[in-house]
Amino acid sequence: MAALRAAGRRRPGLGPAGLRALWGGRSRKEEREVEAEPAAAEQEERSEPSLICPRPPSRSYLPPQDLQSRLESHVREVFGPSVPQDWQQTLLEEKRLKHGLLARLAAELGHAVPNSRLHQLRRAGDVLGFYGRPVRDGTGIHELVPTELPPNLKIIWQQ
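This one's a predicted model, so the numbers in the text were calculated from it and none came from an experiment.

## Brief notes about helix α4 (residues 67-79)
- End to end, α4 covers 18 Å across 13 residues, agreeing with the expected 18 Å (1.5 Å per residue, within 8%).
- In this structure, the buried side of α4 is in contact with α5 (95-109) and α6 (124-132).
- In the stretch just after α4, G80 is the one whose phi turns positive, near 70°.

## Considerations on the side chain of K98
- Mapped onto the fold, K98 is located in helix α5.
- For K98, which is buried and forms no salt bridge, the nearest opposite charge comes from D126, at a distance of 8.0 Å.
- K98 has contacts with L92, L118 and L121, leaving out every residue within four places of it along the chain.

## Side note on the nonpolar core
- Core analysis: the biggest nonpolar cluster contains 21 residues, and L71, V75, F79, L101, V127 and Y131 have the highest contact counts within it.
- Those elements that place two or more of their residues in this core are α4, α5 and α6.

## A short note on the side chain of H74
- Checked against the element boundaries, H74 lands in helix α4.
- Excluding its chain neighbours within four sequence positions, the residues that come into contact with H74 are L101, R104, L105 and E108.

## Some thoughts on α5
- If you check α5, its first and last C-alpha atoms are 21 Å apart, about what 15 residues at 1.5 Å a residue would give, namely 21 Å.
- Listing the buried residues of α5 in full gives L97, K98, L101, L102, L105 and L109. Looking straight down α5, one finds that the buried residues subtend no more than 125° of arc, so they occupy a single side. More than 90 degrees from the buried face of α5, the exposed residues found are K95, R96, H99 and A107.
- Residues of α5 that are buried make contact with α4 and α6.
- G110 lies just past α5 and shows a positive phi near 70°.

## Here's the deal with the environment of L92
- Tracing the chain through its elements places L92 in the loop between α4 and α5.
- Taking the C-alpha atoms as reference, L92 lies 9.7 Å from D126; in sequence the two are 34 residues apart.
- Sequence-distant contacts of L92, defined by excluding residues within four places in its chain, comprise F79, K98, L101, L121, R122, R123, A124 and V127.

## Let's talk about the pattern of salt bridges
- Inspection of every chain in the model, using the stated rule, returns 5 salt bridges.
- Across the salt bridge formed by R70 and E108, the nearest N and O atoms sit 3.4 Å from each other. Highlighted residues: R70 in helix α4 and E108 in helix α5, separated in sequence by 38 residues.
- With a relative accessible area of 26%, R70 lands in the partly exposed category.
- On the accessibility criterion, E108 (37% relative accessible area) is partly exposed.
- One network of salt bridges, with partners in common, ties together D66, R70 and E108.

## Focus on the packing of aromatic side chains
- Inspection of every chain in the model, using the stated rule, returns 2 aromatic pairs.
- Ring geometry for Y61 and Y131: centres 6.2 Å apart, planes at 75°, overall edge-to-face. Residue Y61 is found in the loop between α3 (28-46) and α4, and its partner Y131 is found in helix α6; the two are separated by 70 residues along the sequence. Each member of the pair, Y61 as well as Y131, carries the same accessibility label: buried.
- Here F130 and Y131 contribute two aromatic rings whose centre-to-centre distance is 5.1 Å and whose plane-to-plane angle is 85°, an arrangement assigned as edge-to-face.

About the thresholds
- Residues numbered from 1 in each chain as written.
- Predicted model: local features only at pLDDT ≥ 70, side-chain atom pairs only at ≥ 80, totals over all residues.
- Heavy atoms only, no water.
- Helix = DSSP H or I, 4+ residues; strand = E, 2+ residues; numbered from the N terminus.
- Expected span 1.5 Å × (residues − 1).
- Contact = heavy atoms within 4.5 Å.
- Buried < 20%, exposed > 50% of the residue type's maximum accessible area, 1.4 Å probe, protein only.
- Lys, Arg positive; Asp, Glu negative; His and termini not counted.
- Salt bridge = Lys/Arg side-chain N within 4 Å of Asp/Glu carboxyl O.
- Core = buried A, V, L, I, M, F, W, Y, C linked by side-chain atoms within 4.5 Å.
- Arc of directions from axis to C-beta.
- Phe/Tyr/Trp six-rings, centres within 6.5 Å; stacked < 30°, edge-to-face > 60°.

This is how it looks when you write it as structure tokens:
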């Protein structure tokens, strides 16, 4: 019983107003009100819809004519004297060198190797095969337009 009475007694202290003054400031409620005012102004600015729809970045890639010579020079720069006579047989086992080669090619050609294909590039010849393939930017529906469609399929373009 005595323990209950002791817990129920108030100790002399600063109280909420004194603690607030001691710790420098406002109550939580006052802080929320101050924070809410700039947020309301930001929401008003954001509420206007943008009338311009940005075009997605193009993912198309056309290999350059001198791709093989470019790739060979990069392989010889990155791997140094350890490149065999047939440079396409150069192994890409050391991850640091492989990353250096692929980063250079991505910067120069503007076409990066996706993460899902990295494990397939084991030799310099594999990299040549990847960068030698052109990539078209388009969806399946855009490819259907020039072809002759079956009579039960019609594409209506809304503008």
